[in-house]
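Letter by letter, the chains look like this.
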Amino acid sequence: MEFGLNQFKEFITEYAQRLEELKSTLNELDNRIGDGDHGTNMARGFQVANQQLQAKNPTDIGTACNTVAMALLGNVGGASGPLYGTIFMKLASVFKEKLSVDDEMLLNGFLFAKNGIIERGKAQYGDKTMLDVWETATSFLQSNVGTNRYRDLMTVVQEAVLETRDRVAKKGRAAYLGPRSAGTCDPGSVSSGLFFEVFVRALDGEGAIIRWETLVL
Amino acid sequence: MKKLVNELDQYVTEMLNGLVSANPSLRRVEGTQVLVRRELSAKVGLVSGGGSGHEPAHAGFVGTGMLDGAVSGEVFTSPTPDQVYAAINEVNQGKGVLLIIKNYTGDVMNFEMAADMARAEGIDVAQVIVADDVAVENSTYTIGRRGIAGTVFVHKIAGAAAEAGLSLQEVHRIAQKVTENVRSMGMALTPCTVPANGKPSFDLEEQEVEIGIGIHGEPGIERTSLQSANATAEFLFGKIVNDLPLTSGDEVAIMVNGMGATPLSELFIVNHHVADLTSEKKLKVHKTLIGEFMTSLEMAGFSLSVLKLDEELKKFLDAPTSAPAWPR
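Quick caveat: nothing in here was measured; it's all calculated off a predicted structure.

*Asks:* Can you explain the overall build of chain B? Please cite residues and give values.
*Replies:* Counting its regular elements, chain B contains 8 helices and 12 strands. Its C-alpha atoms give chain B a radius of gyration of 19 Å, within 12% of the compact-globule value 20 Å for 328 residues. Projected onto its principal axes, the C-alpha coordinates of chain B cover approximately 50 × 50 × 40 Å. For chain B, with 328 residues in total, the buried portion stands at 59%. Considering only contacts within chain B whose residues lie at least 6 apart along the sequence, 74% involve residues at least 24 apart. For chain B, the separation between the mean place of its 27 positive charges and that of its 41 negative charges on side chains is 6 Å.

The structure is reproduced here in structure tokens:
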């Protein structure tokens, strides 16, 4: 499948909108095991990213990714700003000057992004962070490259998000709670799950809307 | 939620404006949430910061003999790398800049990204990460301990060392020595409410307290029933001295830090017993600081910090500073 510049722009617009809808859900999860602002910070950052994308109207996906990265680095804060900023910086390096990218390049971009998350956040799979979702998503894509099983990706990602619930956090502010962090889904994993949900819809033109607010709370 | 606010998205901006208006020695770097000394001198620059909501930290500690610049993020949210970079760039006088960072994932990542940006511009940047909270066990979790009120001792002592004209390497060594010798632990009687969230970060029953609370309204390590001031002080002090190698005759500095809504009288009541506890351990209290240094919005409760001193640390702790929030 091909993923073009307009689809990327739609992806950011819809992700910003979905984050706004799920803001209180993300805040509520973060309240239980962190400091309660993940939804607010993500919604604010992607709103600015979307505005800057409209204003600057970049003509290739790499530049568009860079615009988003810079907006996130300057407007999100916390751990999410550098981590989501890193994702888009890495995507920008793979999608440089491209008007459209194919499956293989998408996979490459996501693998780069995942490694960027590891370098910046120094987390491992199973630490109850967004990396749990990125690891699951990229390894699914890697073993299914060229098969267009993108809607199955949504199922896999949804499961990966819900699996964070029972884990004890080893990174991020939730780690300070120790065993008390078990029982709540990791908010960063939920926002990353939402990332893939919206991505699949932008790529595919269809795909379900996941009711995160009823699943994760 | 009942708060004295206007538009919530102007919370930090208006707070900083008010602070600068009251303190002509401070200046806001245009277009940023960075406050710096109005007059910078040719010495190693010191930058600290973090989320807002900890006032007077960190901007209240900007002044001669303490910080050169403070970066304020949104409430309880680390400032972004561009803001931290703006602070580094502004205070750099060619002698290098030391970053004093509290050990939180977000703070460390954003400050390190800013340090990378500054180094790429040829600015010499060193950093010290403060992790003084003994409530968090070091061994189980790879992330390490949190940085809380003990950070203010790092501001003070490293600030005095920089003011004395020491090199970046020396200021860094001294800052590191403070972090190695300071321990803290806090507790909360009531939670706090992040303005943008509108509701308290956790619920406590009338007779419940959170022990080992952080400074962001995050829950502590355990919830217990309310004890007397003496018993509470004794518990926190016990945890601290268990972790800090002290022998009789050692000199220490004590900080009893209010979390935002604790009357000074209660902080004095706590210190009344801390004084007994230190003398039982035959520690010599060189200096006691009581008041609000590193708060958590309107949370009620306190944190206790103990800093083990030597001659070098004592000299810099006692040196003068003009920072508005350091007690005269």
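*Asks:* Tell me what's going on with the environment of Lys 128 of chain A, and back it up with residues and numbers.
*Replies:* Residues and elements named next belong to chain A. Mapped onto the elements of the fold, Lys 128 is located in the loop between helix H6 (103–121) and helix H7 (130–143). The sequence separation of Lys 128 and Val 161 amounts to 33 residues, and the corresponding C-alpha distance is 9.2 Å. If we ignore the near neighbours within four places in the chain, the residues touching Lys 128 are Ile 33, Thr 164, Arg 165, Arg 167, Val 168, Ala 169, Ser 181, Ala 182, Gly 183, Thr 184 and Asp 186. A distance of 2.8 Å separates a polar atom in the side chain of Lys 128 from the backbone oxygen of Arg 167.

*Asks:* Any chance you could break down the side chain of Ser 192 of chain A for me, citing the residues and the numbers?
*Replies:* You can see Ser 192 of chain A is positioned in helix H9 (residues 187–204). Ignoring anything within four residues of it in the chain, the contact list for Ser 192 of chain A reads Tyr 15, Tyr 84, Met 130, Val 133 and Trp 134 of chain A.

*Asks:* So what's going on with the domain arrangement of chain B? Residues and values would help.
*Replies:* Residue and element names in this part refer to chain B. When the domains of chain B are assigned, the result is domain 1 (8–181) and domain 2 (182–317). A straight line from the C-alpha centre of domain 1 to that of domain 2 covers 22 Å. For the pairing of domain 1 and domain 2, the buried interface totals around 3300 Å² over both sides, and the portion due to carbon and sulfur atoms is 67%. Together, Phe 76, Phe 153 and Asn 181 form the three largest contributors to the area buried by domain 1 at its contact with domain 2, with a combined 21%. Taken together, the links from domain 1 to domain 2 amount to 4 salt bridges. Connecting domain 1 to domain 2 are 19 residue pairs in polar contact (both at pLDDT 80 or more). In terms of residue class, the side of domain 1 that touches domain 2 is built from 21 nonpolar, 8 polar and 10 charged.

*Asks:* Break down empty space enclosed by the protein for me, with residues and values.
*Replies:* Counting across every chain of the model gives 4 cavities of 30 Å³ or more. Looking at the largest cavity, it is lined by 35 residues, and the ones nearest its centre are Ala 79, Ser 80, Leu 83, Gly 172 and Arg 173 of chain A. Listed by contribution, the elements that provide at least two residues to the lining of the largest cavity are helix H2 (23–33), helix H3 (38–56), helix H5 (80–94), H6, H7 and H9 of chain A together with helix H3 (105–120) of chain B. Here the lining of the largest cavity is composed, by residue class, of 15 nonpolar, 13 polar and 7 charged. Approximately 90 Å³ is the volume found for the second largest cavity. Leu 141, Asn 144, Val 145, Gly 146 and Tyr 150 of chain A are the residues nearest the centre of the second largest cavity, which is lined by 13 residues in total.

*Asks:* Quick rundown of the pairing of strand E12 (residues 301–308) of chain B? Include the residues and the values.
*Replies:* Residues and elements named next belong to chain B. Among the 8 residues in E12, 7 count as buried, and that is most of the element. Alignment of strand E7 (residues 182–188) against E12, held across 7 bridges, turns out to be antiparallel. Note on E12: the bridge partner recorded for Arg 183 is Val 306.

*Asks:* Describe the sheet that holds strand E4 (residues 69–75) of chain B, naming the residues involved and giving the relevant values.
*Replies:* All names here are of chain B. Pairing is mixed across the open sheet formed by 6 strands, whose spatial order is E1-E2-E4-E3-E5-E6. Looking at strand neighbours, the two that pair on one side only are strand E1 (26–28) and strand E6 (125–130), the edges of this open sheet. The mean angle between the axes of side-by-side strands here comes to 25°, regardless of whether they run parallel or antiparallel. Note: E1 against strand E2 (residues 34–37), 3 bridges, orientation antiparallel. Residue pairing for E2: Leu 26 is matched across the bridge by Arg 37. Sitting on the sheet, helix H1 (residues 11–22) is in contact with E1, E2, strand E3 (45–52) and E4, with an inclination near 145° to E4. Lying on the sheet, helix H2 (residues 81–91) is in contact with E1, E2, E3, E4, strand E5 (97–102) and E6; it crosses E2 at an angle near 15°.

*Asks:* Go over the packing of helix H6 (residues 229–243) of chain B against helix H7 (residues 264–280) of chain B, please, and point to the residues and values.
*Replies:* Residue and element names in this part refer to chain B. Orientation of H6 relative to H7, taken along the N-to-C sense of each, is 50°, at an axis distance of 9 Å. Judged on the interaxial angle alone, H7 and H6 are oblique. Here H6 runs over H7; the crossing is right-handed. Residues Ala 229, Asn 230, Ala 233, Glu 234 and Phe 237 of H6 form the contact with H7, whose own contacting residues are Ile 269, Val 270, His 272, His 273, Val 274, Leu 277 and Thr 278.

Cut-offs used in this document
- Residues numbered from 1 in each chain as written.
- Chains lettered and ligands numbered in written order.
- Predicted model: local features only at pLDDT ≥ 70, side-chain atom pairs only at ≥ 80, totals over all residues.
- Heavy atoms only, no water.
- Helix = DSSP H or I, 4+ residues; strand = E, 2+ residues; numbered from the N terminus.
- Rg over C-alpha atoms; globule rule 2.2 N^0.38 Å.
- Buried < 20%, exposed > 50% of the residue type's maximum accessible area, 1.4 Å probe, protein only.
- Contact = heavy atoms within 4.5 Å.
- Lys, Arg positive; Asp, Glu negative; His and termini not counted.
- Charge placed at Lys NZ, Arg CZ, Asp CG, Glu CD.
- Polar contact = N/O pair within 3.5 Å; in protein donor to acceptor, adjacent residues only side chain to side chain.
- Domains from an automatic or database assignment.
- Buried area = accessible area lost by both parts, 1.4 Å probe.
- Salt bridge = Lys/Arg side-chain N within 4 Å of Asp/Glu carboxyl O.
- Nonpolar A, V, L, I, M, F, W, Y, C, P; charged D, E, K, R; others polar.
- 1 Å grid on protein atoms, 1.4 Å probe; cavity = no way out; pocket = protein on both sides within 12 Å on 5 of 7 lines; lining within 4 Å.
- Points joined across faces, edges and corners; volume = space filled by probe spheres on them.
- Pairing = 2+ DSSP bridges.
- Axes fitted to C-alpha atoms, helices over the stretch in contact; angles between N-to-C directions.
- Parallel < 35°, antiparallel > 145°, perpendicular 65-115°, else oblique.
- Left-handed = near helix turned anticlockwise from the far one by under 90°.

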